[in-house]
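# Coordinate analysis (summary)
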Amino acid sequence: MAGYEPKAIERKWQQVWADEETWEVANPGQPGFDERKPKAYVLEMLPYPSGEPHVGHLKCYAVGDAIAHFRRRQGFQVIHPMGYDSFGLPAENNAIKTGEPPRVATERSIASFQRQFREWGISIDWSRELATHTPEYYRWTQWIFLQLFEKGLAYRTEAPVQWCPKDATVLANEQVVDGRCERCGTEVEQKNLEQWFFRITDYADRLLEDFDLLESWPEHVITMQRNWIGRSEGAEVVFHCEEVDLDFPVFTTRPDTLFGATFFVLAPEHPELMRLVAGTPAEEEVREYVNRVGRESAEERGAEDREKTGVPLGRSVVNPVNGEEIPMFVADYVLMEYGTGAIMAVPGHDSRDYEFAQKFGLPIKRVIEGSDPEEARDGEGLPYSGDGPMTGSGRFDGKHNREAYEEIVAWLEADGRGRPAVNYRLRDWLVSRQRYWGAPIPVVYCEGCGIVPVPAEQLPVELPEIEDYAPQGKSPLAAAEDWVATECPRCGAAARRETDTMDTFVDSSWYFLRYLDARNAEAPWDRTASDYWMPVDQYIGGVEHAILHLMYARFFTKALADLDVLGVQEPFANLFTQGMITRDGAKMSKSKGNTVSPGDYVERYGADTARTYVCFMGPPERGGDWTDEGVEGVNRFLSRLWRLCEEAETRTEAGEPDAAAGGQARELLAKAHWAIEKATRDFQRGFQFNTAISAVMELVNDAYRLKNELYGTPEGGAAVRFATATAASLIFPFAPHLGSEVYERLAGGRVWEQPWPEADPALLVSDTVTLVVQVNGKLRDRIEAPAEAPEEELLRLARESEKVARHLDGQQIVKEIVVPGKLVNLVVR
RNA sequence: GCCGGAGUGGCGGAACUGGCAUACGCGAUCGACUCAAAAUCGAUUGCCCUUGCGGGCUUGUGGGUUCGAAUCCCACCUCCGGCACCA
């Protein structure tokens, strides 16, 4: 008998699936479209093709494929496409180092991913394959940019960016590690440059509200996005500076502490700052301070235990609630990007203001009483951030601060000194990159017309071939003079192309829509296709994308819905984030030398083993440590299933099992139905693959235990055959090749065309149950009892047990608890 | 500091609604097969006491609710992830 040889089996079925295009599905209106089936869009995050796939990819696509297979066999029409996020920095950095064009390295990597996806047996609809670096794709990325531009959602403005002085280039945020340039280690500087932005902040509230539209997302991902958006409700309050007759509005979430404001602080970047001190004795010191802060990196400035610094301005503003004049300062703990770049400082109730006040000897005033009245009297317990009755607040004294909150705002508003306001932590999305390997931003600059969008019919603006990829302080594209020089689409005069390219997150913010109609040359997608397939029913990927990619894609979806080219508000109804696989307890990295190459394991044990192993390691949402012993354990299990198949094929007859069989035949059939029930529940409850696989292992173990007896009779043989074919059917989503092969041999037919098996309820119940007998809650005996026995019968059986009797000796039963079919607990004293 | 997640054998992990803790896998020990090894098959495997029968203890710690708690409640400890001077 031949042993389990995955290579031959896997090649055979991969050939079938490729030849027959098994996993391709049609769109509505196309031939082959089945309108009776409900749809399911199963999607894993598309890979960034760099080098070879790693184990993280294996896990992601193994998990997604299991879901896709399960849904298909549940009767869904499943769309399960694949593509490549093929623009990006690593390919470009490689080009700078080696001179190899990014396109060449990228396409080589894509070929490697394609080959491995086929070797893994992932059920992909290859007719919908895409790569974001192809003109056929980025043409539509550019088209979407133009739509956003027309709607005012894409705009150009000056903004501070990270600048590496050594490489003379702007860096993407991801390229700044601990305040230093990732490549040369030079400390980065902030520079103001004209940049393109997407107005994601317009969607802040909808991004928050529409969490309600999601079916199932991990709670922590929603929380992370909510924190990232950082919506704060409060008030804008105006402080007036008489000396220069200027209003300084501030944003505060605590208008109830207004009476406690004892000073006022401006951010070093505040536009009115220098005007305030011009010609005063403070001018020199303020200028020095601002310059010093300006030289510091964001990292230094935001350091956790940094001491408060600042300079008095020699000016004051009037607190609108009580007319008090309070001194003004400049300090770097106030950020220009948030609120108005100015704050009222309430040292009694804010720890940062408190620190500053301590250092500069400023008054600290309590205006909210804490729970301990002693403290209030002594001025202890400050800063206090809790709630309580107000004090030192004029007409509001004695009132609870939460109640006074709105009253204060309303009072200020009536006098025009304030109003309710909302602030967000979220900033607009900076999308321009001074980089070569990305989608060109489709605009031109004309002397006469200014910024002119490239007309849609002239798309794509193709990325030109260039010689030198090294950044020279502007995009390497600027060197492609022939390409840059163009004419204005509006007036025909000489004009210059935008040389920045788009952030690659733009490419990946809409790819799930292109899959729906990937070969469409007239439009990014057809609305009938998106109306049918959207939203994605199950999205799968790493939690590292919890904020950026997932929020950008949500923003795009809403913007595209507003443009009326899409009919959904949320792209991903259900999200699953898989945990990271480690090796020896540490994150895999080339420098640590602890990487695992999926290809090696597929070569040695077969794709089925590798796939099943990553699904069996533990709950897929949690991480897991890769061990070779674990892989071998799974390989051993699949080999056992294989040998069982070979043996059953010769020693049993084809045919239906006898549902009325008794004895061990019934025992094995019951186990098979138990496994069906267990695996189905594990799939339906989410991603409990590890326990689904263990149920199949139990079934195979039982078949081994019972088979030699069962081969003796026809109904026994039929039970073994059924159990083995069932194991194949249930393991198919994880080990599709072996599942197909075993199923075909024992049951005939193609397992993926079979409906997912259903457990026979008659075989899930048994005549007897194991009755657990406890005395005072402690387990004392287990008794086989008739399943339908009444309570009195169970109590009688329990009392008759010798083991139980020993513990009842000389004691009085004060209570009897009976859980029918399960347990009896006798309480004695 | 704030937010989120998790603590169960030697290890990865199971346990539906409060009802047999440790399924399944790894590792380990023993046995069968073999000249031998590998592979395979079978048995044992939470800890402590006991020759055995049996008994006691055990789900991060301490308390509570309950006939009964890994599961519910309170307090605490540890680890992991995210954000972090956001007014």
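Before reading further, recall that the structure is shown in the block above.
Heads up: these notes are all about the structure in this document. The residue numbering used here restarts from 1 in each chain and proceeds along that chain's sequence as written. Chains carry letters from A onward and ligands carry numbers from 1 onward, assigned in written order. Per-residue local features of the predicted model are confined to residues with pLDDT of at least 70, and side-chain atom pairs are confined, for both listing and counting, to 80 or more; whole-chain, interface and lining totals are unaffected and use all residues. Side-chain measures here rest on the full set of heavy atoms in the structure, leaving out hydrogens and waters.

So, on to a negative patch on the surface. Like-charged residues are merged into a patch within 9 Å and nonpolar side chains (Val, Leu, Ile, Met, Phe, Trp, Tyr) within 5 Å, provided each residue has over 30% relative accessible area and no salt bridge. What sets the accessible areas is the Shrake-Rupley method with a 1.4 Å probe; for residues, cover comes only from the shown protein chains. When a carboxyl oxygen of Asp or Glu is within 4 Å of a side-chain nitrogen of Lys or Arg, the pair counts as a salt bridge. Within this scheme the basic residues Lys and Arg register as positive and the acidic residues Asp and Glu register as negative, but His and the chain ends are omitted. The atom standing in for a charge is NZ when the residue is Lys, CZ when it is Arg, CG when it is Asp and CD when it is Glu. A contiguous patch of negative charge on the surface is contributed by Glu242, Glu243, Asp245, Asp247 and Glu325. By secondary structure assignment, the location of Glu325 is in strand S14 (residues 325-330). Strands are runs of DSSP state E lasting at least 2 residues, helices are runs of H or I lasting at least 4, and numbering of each runs from the N terminus.

Once that is clear, we can look at the pairing of strand S12 (residues 263-266). Residues of S12 alternate between two faces, with Phe263 and Val265 on one and Phe264 and Leu266 on the opposite face, all of them buried. DSSP-based pairing: two strands are paired if at least 2 bridges between them are found. Inspection of the sheet shows S12 paired to strand S15 (residues 342-345) by four bridges, in the antiparallel sense. Pairing of Val265 across the sheet is with Ile343, part of S15. Of the strand pairs in this sheet, S12 and S14 are connected by three bridges, and their pairing is parallel. Following the sheet pairing, Phe264 is matched in S14 by Met328. Buried means the residue's accessible area, taken with a 1.4 Å probe over protein chains only, is under 20% of the maximum for its type, while exposed means over 50%, and partly exposed covers the values in between.

This part covers the sheet that holds strand S31 (residues 813-819). One open sheet holds the four strands; their spatial order is S30-S29-S32-S31, and the pairing between them is mixed. For this open sheet the edge positions go to strand S30 (778-786) and S31, each flanked by a neighbour on one side alone. Sheet twist, expressed as the average angle between the axes of neighbouring strands with direction ignored, equals 20°. The contact rule is simple, with two residues in contact once any of their heavy atoms fall within 4.5 Å. Every axis in this analysis is a line fitted to C-alpha atoms, fitted for helices over the stretch in contact. Angles between the N-to-C directions lie between 0 and 180 degrees. Running over the sheet, helix H27 (residues 791-800) touches strand S29 (768-775), S30, S31 and strand S32 (823-828) and is turned about 120° from S31.

A few words on helix H4 (residues 102-120). Taking 1.5 Å as the rise per residue, H4 with 19 residues should run 27 Å; its terminal C-alpha atoms sit 27 Å apart, in good agreement. Of all the residues in H4, the buried ones are Pro102, Ala105, Thr106, Ser109, Ile110, Ser112, Phe113, Gln116, Phe117 and Trp120. End-on view of H4: buried residues confined to an arc of 165°, all on one side of the axis. Positive backbone phi, approximately 75°, marks Gly121, located one or two places after H4. Multiplying one less than the number of residues by 1.5 Å gives the expected span of a helix. The reported arc concerns the directions from the helix axis to the C-beta atoms and nothing else.

Aromatic rings from Phe, Tyr and Trp, with only the six-membered ring used for Trp, were paired whenever their centres fell within 6.5 Å, and each pair was classed as stacked if the ring planes differed by under 30 degrees, edge-to-face if by over 60, and tilted otherwise. Enumeration according to the criterion identifies 55 aromatic pairs in this entry. Geometrically, the ring pair formed by Phe70 and Phe683 is stacked, given 4.3 Å between the ring centres and 10° between the ring planes. Of this pair, Phe70 sits in helix H2 (residues 55-73) while Phe683 sits in helix H22 (residues 663-684), placing them 613 residues apart in sequence. Residues Phe70 and Phe683 agree in their burial class; the two are buried. Here Tyr532 and Trp533 contribute two aromatic rings whose centre-to-centre distance is 4.8 Å and whose plane-to-plane angle is 75°, an arrangement assigned as edge-to-face. Comparing Tyr532 with Trp533, the two get one shared label, buried. Every member of this aromatic cluster is reached through a ring pair, and the members are Phe145, Phe149, Trp196, Phe198, Tyr203, Trp429, Phe505, Tyr552, Phe555 and Phe556. Its end group placed over the ring of Tyr333, Lys308 keeps NZ or CZ at 5.2 Å from the ring centre. Sitting over the ring of Tyr704, Arg640 keeps its end group 4.2 Å from the ring centre. Here, over-ring charges are defined by two tests on the NZ atom of lysine or the CZ atom of arginine: distance to the ring centre within 6 Å, and angle to the ring normal within 35 degrees.

Here we come to the protein's contact with RNA strand B. Any residue with a non-hydrogen atom lying within 4 Å of a molecule or strand is treated as near it. Surveying the vicinity of RNA strand B reveals 52 residues, the closest of which are Thr253, Lys308, Tyr338, Arg352 and Arg782. The contact atoms of RNA strand B, taken as those within 4 Å of the protein, divide so that sugar and phosphate hold 64%. Two N or O atoms count as a polar contact when they lie within 3.5 Å, although within protein this holds only if one can serve as hydrogen donor and the other as acceptor, and sequence-adjacent residues are included solely when both atoms are side-chain atoms. Gln774 is positioned such that a nitrogen or oxygen atom in its side chain is 3.5 Å from a base nitrogen of RNA strand B. Elements that contribute at least two residues to the surface near RNA strand B include exactly helix H7 (219-229), strand S11 (246-252), helix H21 (628-651), helix H23 (689-710), S29, S30, S31 and S32.

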